[in-house]
Amino acid sequence: MEELNFGATAWMLTSASLVLLMTPGLALFYGGMTRSKSVLNMMMMSFGAMGVIGVIYVLWGWSMSYGADVGGIFGNPFDQFGLVGTIYDENGEFLIDSFGVPGIVGVAFQVTFAIITTALISGAIADRTKFSSWMVFVAIWVTLAYFPMAHMVWGGGLLSGDGPFASIAAPIDFAGGTVVHINAGVAGLVLALIIGKRKGFGTDPMRPHNLPLVMLGAALLWFGWFGFNAGSAFTADGTAGLAWVNTTSATAAAMLGWLLTERIKYGKGTSLGAASGVVAGLVAITPAAGALNPVTSIALGAIAGVLCALAVGLKHRFGYDDSLDVVGVHLVGGLVGTVLIGVFATDTGLIFGGGLNQLVVQVIIALVAIVFSGVITAVIGLAIKATMGWRVPEEDEVRGIDLSEHAETAYEEINS
Amino acid sequence: MEELNFGATAWMLTSASLVLLMTPGLALFYGGMTRSKSVLNMMMMSFGAMGVIGVIYVLWGWSMSYGADVGGIFGNPFDQFGLVGTIYDENGEFLIDSFGVPGIVGVAFQVTFAIITTALISGAIADRTKFSSWMVFVAIWVTLAYFPMAHMVWGGGLLSGDGPFASIAAPIDFAGGTVVHINAGVAGLVLALIIGKRKGFGTDPMRPHNLPLVMLGAALLWFGWFGFNAGSAFTADGTAGLAWVNTTSATAAAMLGWLLTERIKYGKGTSLGAASGVVAGLVAITPAAGALNPVTSIALGAIAGVLCALAVGLKHRFGYDDSLDVVGVHLVGGLVGTVLIGVFATDTGLIFGGGLNQLVVQVIIALVAIVFSGVITAVIGLAIKATMGWRVPEEDEVRGIDLSEHAETAYEEINS
Amino acid sequence: MEELNFGATAWMLTSASLVLLMTPGLALFYGGMTRSKSVLNMMMMSFGAMGVIGVIYVLWGWSMSYGADVGGIFGNPFDQFGLVGTIYDENGEFLIDSFGVPGIVGVAFQVTFAIITTALISGAIADRTKFSSWMVFVAIWVTLAYFPMAHMVWGGGLLSGDGPFASIAAPIDFAGGTVVHINAGVAGLVLALIIGKRKGFGTDPMRPHNLPLVMLGAALLWFGWFGFNAGSAFTADGTAGLAWVNTTSATAAAMLGWLLTERIKYGKGTSLGAASGVVAGLVAITPAAGALNPVTSIALGAIAGVLCALAVGLKHRFGYDDSLDVVGVHLVGGLVGTVLIGVFATDTGLIFGGGLNQLVVQVIIALVAIVFSGVITAVIGLAIKATMGWRVPEEDEVRGIDLSEHAETAYEEINS
Amino acid sequence: MKLITAVIQPHKLDEVKSALEAAGVRGMTVSEASGYGRQKGHTEVYRGAEYTVDLVPKVRVEVLVEDGDATTLAGVVVSAAQSGKIGDGKVWVSPVEDVIRVRTGASGPDAL
Amino acid sequence: MKLITAVIQPHKLDEVKSALEAAGVRGMTVSEASGYGRQKGHTEVYRGAEYTVDLVPKVRVEVLVEDGDATTLAGVVVSAAQSGKIGDGKVWVSPVEDVIRVRTGASGPDAL
Amino acid sequence: MKLITAVIQPHKLDEVKSALEAAGVRGMTVSEASGYGRQKGHTEVYRGAEYTVDLVPKVRVEVLVEDGDATTLAGVVVSAAQSGKIGDGKVWVSPVEDVIRVRTGASGPDAL
Ligand SMILES: Nc1ncnc2c1ncn2[C@@H]1O[C@H](COP(=O)(O)OP(=O)(O)O)[C@@H](O)[C@H]1O
Ligand SMILES: Nc1ncnc2c1ncn2[C@@H]1O[C@H](COP(=O)(O)OP(=O)(O)O)[C@@H](O)[C@H]1O
Ligand SMILES: Nc1ncnc2c1ncn2[C@@H]1O[C@H](COP(=O)(O)OP(=O)(O)O)[C@@H](O)[C@H]1O
């Protein structure tokens, strides 16, 4: 039995709270980017994920992530169903983990990751998706795609340091490049393809209706991300501090990278570009936050900022309607971060003479994540398409999905 | 003399900060729900409460809550007036409480509760109340209603474990079901009755002018509530973690409960419903956060979500203008949480074979709180009505209270 | 080698995160105050500072602030360039400071101060400044003005307890009255003079376009300021708690002071006044947060609220366009706080019989800060004027700087 | 045909709408406006700068009507919008040469 | 000269603009409006209060044209704005006595 | 009576208002509009999608005047709104058959 470490517990409680705030932050970030007739629906996709996963996680989510291993793929959902056996030991004392943090605080921290990951996907399918179908998707996807991936990477499964690839090098995913960003990014791409384009995609402007809201959202995401990354040290120590500083320097560099790319391409740096660069940097440093130093973090951030700024143009080239660039930011940013660990990792990276092993194993886990997430999401997505259907009637899409799905409009129109 | 527990202190400083943020969160939540011509006044009622109580609390608020007991009802305001004797011991060292937390940090935490509780009331009397009367009310109410109630429940008074009812069972109010929510809810109802309806109540729509603001407010409330509930463990331990998880699972369930109720009644779940469900869940779990497990928290949250969704219709049935549903959400949610502890409490609840004692004592403290708050508020409310008066001229109400009370309008009208 | 103090580290990680949030908070506070055609540019000035300084700080910022002393004025930028030697000791273990907090966590905390200080200046030159010139200014000013001032006051330089004036009395600047507020306030004044007035200043109304945004910004500033002030105790102890309570009581009193001043002058207290009073109080208590008690903090806050409310009128009297009152709030508030420490400090203040020494030394450090910041800023400002130029074409200023500098408008205009 | 344009107090919109409906009108177009007139504006205060806003919020209602109905319906609007206070607004009638219903292309009185 | 005023569905604005441009029109003025008519509004729900919004968002387009072009151009607007569904809107033509281009002070057809 | 409608640059509103006031006009109605014309719009950039906004913000001013004043006052508006740059806007005059002051019900010139 470990002794309670009050300081570590304080930081993990704080971190859990910070990460929970990220999802409303995302709701604002995404909501500001939609047209004013669909901002509420966009925000509701995030809030809905909070509702569904907030309940599911304590029932079977924790158990499927960290319960008794089944084939290296997922945890047994019945092992700690309803958190029985997670909270107290046989004497009714709180269980304490190896960092001196109560197990229940670990649950607090992890539920927030499951929520934000799933909510991220919604950006790809904005403005056109039936709310009921989304809510069903959330419940199934988090169960079949997220919990297993969390188990594989963090719960001692296939992609962890205990898995088969660890013989090449121990895979590094500090705070969720594969589990969170590649996973959500691929899911977004698959759903965007299955659900199809918004009416008017490629011809109508569909400009963001409220950019200060987008910037506020990006700010809350950055703030919350300190819990995400520095909290992933699982205690309040030097590693947490390093992750904090890396998160900031990478994010700052990514913002500059995105703005510079815009300036070169269009002559101006935009506020949407700054907000997007912030998120791209946060995404890219996520898996790497504990493995780099602040200077290599700047390099990683800058690369991610530039590449993501270029990647958001791909949807127009290839014609898929990834409405708010889940692919361009989360999939691309997640890949950049996950793979470049092999180059920049302070101990094992290529440029520090660590050879190719780390790079190879990073590529492998990224590929496994892509395939796993792609296949599972496709199955779920197609099943929902065949049964409930995904889309609101075109007429409702034009009139505004806020009205048709939620019987509301975001803003008062005529003063009275 | 206790030794300083740095971890506990870190968490309590964080919690105090989080709870302080709740009041601006409330200002946004309420402000978004008003019409655009009264959003500033609505927000100012919260900010005003921060100003008045931020000053009063260090003068006599702490002393009346936790100072030397006077008849089990309140603390002697002169005992620690101006926090003399609260901060340092006779050697000039910081006093440390039994959790290893400096007493002054306890003051930090408690002042935020006094502020948010009083600010909650403002929702019941939106759009029509003279700002000066509100400011006077705040000063008197927090002194005569809040501090005594805090003393009775948490300061060793009548409703505490040291009080007369404890012989039935120790009353449970973990983070403020009686002190905060029933107290504010009853006060809101009484003031709504004394002050009367807005012009146009029941006929004009009076729809929320900015729903993304409401959702942002609800999100900040949720975030801040982690300080409220998990901070009420007074240290960073397993109980805090449990309160955190219970807060999340109850809130998630309440959101789903409210959305489902709407879907059944109206065919759609609304974003205002989601935001309201969040708050209803947070309210209901407040007294119970340390006494339930995550699964019973789901049950409690779901019940609160459904009941509050139904309760917000009562004002239309009975014709009182509780403008932003302080009664429907805080009074009803507070009652649900306070009373159902008797059913769900892990140790003493009915369904765990704990018998009726806990339930009985919970009902008693709820009733005492209702009567106490109702009487005190009525006296203060009627006194203000007879002296300063409560309402702005009808003409100002129509033109917009922002203009008449604050010489401002919230948004720039014609671009120039 | 110190031992790691987990609790202190938890609080410093939290504080760093809180202070980082202040800059987006400032972006909203300032952004809401501009006209709708320049809100994005205003916000981008804060975000841009995050980008530039987030990178610079880890390269040479920390080293210039806390590296090997050069003449008592600044630290050697190459001493710990890129944080080499800051993070790990010779055994590769994290360096731990005398509070038990890893050095890298100190970096996290300090970078946020550099960012917010520089961002503060932007309010003085709103709506008319070329974004590229601003970005260059940020890089130079933080290097030549901020890092040296931080070194002088906190890094063991001229204005610190080790400096020459300490023979009179140890100068007190708990969290940055000189380094942050006087520094930024003077810089704002100098730039406003160099850059000149907005077209229409003094004749057009230029009213705030979104006051709820301003209030949200003020709230986030208040929230973040707990990290700023209570974090400046560098650990989670009684001093941190005292700073927290002082911050709240001074801020509350300042809000009331500002509102009262408005009520006397105009008959109404405004929401912009409340938000401004909040910031004025936070500014004034910054240097004093650890040196006063909660009651003297009320006095300090009230004085600051009244004086700043009067000071924001000066620009109209003297005709300089300090657009968002960086001088009236930060320079005046910073001076009030810095100087009145000599009156109110619990140990050495005039009213506690401490004599004049503290007051004298406080005046001296304030004057040094004014001169230092004034001269450096003038040199940088004039150099940029002579080279890149500061202003956008008048036509772009009229059409809106968001469009000309960022190719965006903040809000969707015609629904489509 | 005629176009009746009414600039009224915003809080009178519902009454005007109901009155027109009751008088058999089946359509109208509404928009936001600001008025300047005998009704004084108000003073706003922003950080020590006090200034006068002389534009007050109004609502504009436009109704296309048949020639013969113009006077009656203008009267209906006036009665419904009247509170007797300065700032109640103006109603004016102007000639219209043709009206077309977009959906059908029908023009003339049938288009109303 | 004539003024063509069109109240149309917001999502038809781009098509109307293009059609007018194609027909040689070089300027127009656009504003937001809300319409009331045969097109039913919708029901909104706010915390248990269900109520009907009978104003639906529209866009108003105004085009000043020479006398002889009025009928043709009104037709152009109608075709471009037509979807065949209730609520497509109205187009009307009214007389204008004089038009002045502010920049030059020129009036009459030259001002268009 | 006549209705003068002016579509002008937003930043000219104050000058137009003052000029009209000076010319004895005691009321007017103002609203927001967007203009399309010779004045080019601008390019906006959102995440790599660059597109042209050809509607530029304008303000619409409407003034009801007596028949004899129409030409003079239209001229007053034009002078006040003129900057000489493309996009200054249009002013047009149209006939009005009747004006009623809502407050009193008075119609004709008395209603102005
Ligand atoms: N000459 C005018 N032309 C156009 N609109 C006018 C004119 N005079 C008044 N209005 C409109 O009518 C509204 C009410 O006018 P006002 O003079 O304030 O009150 P009243 O009509 O009751 O005397 C104004 O706010 C403005 O919108
Ligand atoms: N009599 C009228 N006067 C002014 N505008 C009208 C009138 N009737 C309809 N409109 C406008 O035309 C729009 C469409 O009218 P509506 O009756 O809904 O459909 P439709 O014209 O297809 O029959 C309305 O929303 C309103 O803006
Ligand atoms: N034919 C028209 N009908 C209605 N409004 C017009 C017309 N032409 C121009 N406008 C309005 O006048 C404004 C200025 O016109 P524009 O052609 O840009 O410049 P200018 O009038 O100086 O040549 C436009 O933005 C539009 O609002």
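One numbering rule holds for all chains: residues counted from 1, following each sequence as written. Whichever chain is written first becomes A and whichever ligand is written first becomes 1, with later ones labelled in order. Thresholds applied to this predicted model are a pLDDT of at least 70 for local features of residues and 80 or more for the giving and counting of side-chain atom pairs; totals over whole chains, interfaces and linings are not thresholded and use all residues. Excluded from the side-chain calculation are hydrogens and water; included are all heavy atoms of the structure.

### A short note on helix H6 (residues 211-230) of chain B
Residue and element names in this part refer to chain B. Operational definition: Starting at the N terminus, helices and strands are each numbered in turn, a helix being any DSSP run of H or I of at least four residues and a strand any DSSP run of E of at least two. Expected span of a helix: the number of residues minus one, times 1.5 Å. Working definition for bend: take the seven residues up to and ending at a residue and the seven starting at it, fit an axis to each, and measure the angle between the axes. Burial status follows relative accessibility: with a 1.4 Å probe on protein chains alone, a residue under 20% of its type maximum counts as buried, one over 50% as exposed, and anything between as partly exposed. Within 3.5 Å is the distance limit for a polar contact, defined as a pair of N or O atoms, with the added protein rule that one can donate a hydrogen and the other accept it, and that residues adjacent in sequence qualify only through two side-chain atoms.
Helix length check: H6, at 20 residues, gives a terminal C-alpha distance of 28 Å against a target of 28 Å (1.5 Å per residue), a fit within 8%. Of all bends in H6, the biggest is about 30 degrees, found at Gly224. Burial of H6 is extensive: 20 of the 20 residues sit out of reach of the surface. You can read the cap of H6 off the contacts: a side-chain oxygen lies 3.2 Å from the backbone nitrogen of Leu213, and it is on Asn210.

### Concerning the UniProt feature "domain: Ammonium transporter AmtB-like" (unreviewed entry) in chain A
Short version of the rule: UniProt positions are given in the numbering used here, feature names are shortened, and annotations may be inferred rather than shown by experiment.
As annotated in UniProt, the feature "domain: Ammonium transporter AmtB-like" (unreviewed entry) corresponds to residues 10-411 of chain A in the numbering used here. Helix makes up 65% of residues 10-411 of chain A and strand 1%, with an end-to-end C-alpha separation of 40 Å.

### What to know about the relation of the copies chain C and chain B
Both copies of the chain are placed relative to one another by a rotation about an axis and a shift along it. Quick reminder of the rule: When the copies are superposed, the least-squares fit draws on C-alpha atoms of residues that have pLDDT of at least 70 in both. We call two residues in contact when some of their heavy atoms are within 4.5 Å.
At an RMSD of 0.0 Å, chain C and chain B line up after a rotation of 120 degrees and a shift of 0.0 Å along the axis. Both copies of the chain, as the preceding transformation shows, are related through a three-fold rotation axis. Using C-alpha coordinates, one finds that chain C approaches the rotation axis most closely at Gly7 of chain C, a distance of 2.1 Å. The overlap is low: 12% of the interface residues of chain C also sit at the interface in chain B, so different surfaces are used on the two sides.

### What to know about the site of ligand 2
Rule in force here: Each residue is tested against the molecule or strand, and it is near if at least one of its non-hydrogen atoms lies within 4 Å. For every accessible area listed, the method is Shrake-Rupley and the probe measures 1.4 Å; residues are considered covered only by the protein chains on display. Put simply, Ala, Val, Leu, Ile, Met, Phe, Trp, Tyr, Cys and Pro go in the nonpolar bin, Asp, Glu, Lys and Arg in the charged bin, and everything else, Gly too, in the polar bin.
Taken together, 20 residues lie around ligand 2, and Thr29, Leu64, Arg101 and Arg103 of chain D together with Arg38 of chain E are the ones closest in. More than a single chain frames ligand 2: its nearby residues are located in chains D and E. At a separation of 2.5 Å, an oxygen atom of ligand 2 approaches a polar side-chain atom of Arg103 of chain D. Lys90 of chain E places a polar side-chain atom, nitrogen or oxygen, 3.1 Å from an oxygen atom of ligand 2. Protein contacts shield 99% of the accessible area of ligand 2, which totals 550 Å² for the unbound molecule. Among the elements that line the shell around ligand 2, the one with the most residues is strand E5 (residues 56-65) of chain D, at three residues. Class assignment for the residues of the shell around ligand 2 results in six nonpolar, seven polar and seven charged.

### Comments concerning the interface of chain A and chain E
Let me state the cut-off plainly: What gets called buried area is simply the loss in accessible area from a 1.4 Å probe that two parts show on being joined, summed for both. In the sections that follow, a salt bridge refers to a side-chain nitrogen of Lys or Arg positioned within 4 Å of a carboxyl oxygen of Asp or Glu.
Across the contact, eight residues belong to chain A and eight residues belong to chain E. Carbon and sulfur atoms make up 54% of the area that chain A and chain E hide from each other, which totals about 680 Å². Considering only the surface of chain A that becomes buried against chain E, Val398, Leu403 and Ala407 of chain A emerge as the three largest contributors, covering 43% of it. The interface formed by chain A and chain E contains zero salt bridges. On inspection of chain A and its partner chain E, the count reaches two residue pairs in polar contact (both at pLDDT 80 or more). Element by element, the count of residues in the side of chain A that touches chain E is highest for helix H13 (residues 394-399) of chain A, at three residues. Split by residue class, the side of chain A that touches chain E holds four nonpolar, one polar and three charged.

### Focus: the site of ligand 1
For ligand 1, the set of nearby residues contains 20 residues, the closest of which are Arg38 of chain D together with Thr29, Leu64, Arg101 and Arg103 of chain F. Around ligand 1, the neighbouring residues derive from chains D and F rather than from a single chain. Between ligand 1 and the protein, one listed contact pairs an oxygen atom with a backbone N or O atom of Gly87 of chain D at 2.9 Å. Take Arg103 of chain F: an N or O atom from its side chain is 2.5 Å from an oxygen atom of ligand 1. Burial of ligand 1 by the protein amounts to 99% of the accessible area it has alone, namely 540 Å². Within the residue set of the shell around ligand 1, elements represented by two or more residues are strand E2 (28-36) and strand E6 (89-95) of chain D together with strand E2 (28-36) and strand E5 (56-65) of chain F.

### Notes on the side chain of Thr34 of chain B
Residues and elements named next belong to chain B. Take Thr34: it is sitting in the loop between helix H1 (6-33) and helix H2 (39-66). Note on Thr34: relative accessible area 2%, which makes it buried. A polar contact is formed between the side chain of Thr34 and the backbone oxygen of Gly31, at a distance of 2.8 Å. Not counting chain neighbours up to four residues away, the residues in contact with Thr34 comprise Val39, Met42, Ala126, Asp127, Arg207, Pro208, His209 and Leu324.

### Things to note about the packing of aromatic side chains
Threshold: Think of it this way: a Phe, Tyr or Trp ring, Trp meaning its six-membered ring, pairs with another when their centres are within 6.5 Å, and the plane angle makes it stacked under 30 degrees, edge-to-face over 60, tilted otherwise.
Applying the stated criterion across every chain, the model contains 53 aromatic pairs over all chains. Seen from their ring centres, Trp62 of chain C and Tyr66 of chain C are 4.6 Å apart, and the 35 degrees between their planes marks the pair as tilted. Note that Trp62 of chain C and Tyr66 of chain C are positioned in helix H2 (residues 39-66) at a spacing of four residues, about one turn of the helix. Since its relative accessible area comes to 24%, Tyr66 of chain C is described here as partly exposed. Taken together, Phe99, Phe109, Phe113, Trp154, Trp225, Phe228 and Phe234 of chain A form an aromatic cluster joined through their ring pairs.

### A few points about the interface of chain C and chain B
On the chain B side, the residues contacting the 50 residues of chain C number 57 residues. Where chain C packs against chain B, one counts zero salt bridges. If you look at where chain C meets chain B, you find nine residue pairs in polar contact (both at pLDDT 80 or more). Of all the secondary-structure elements, those providing two or more residues to the side of chain C that touches chain B are helix H1 (6-33), helix H6 (211-230), helix H7 (238-266), helix H8 (271-285) and helix H9 (294-311) of chain C. Among the residues making up the side of chain C that touches chain B, the classes are represented as 28 nonpolar, 15 polar and seven charged.

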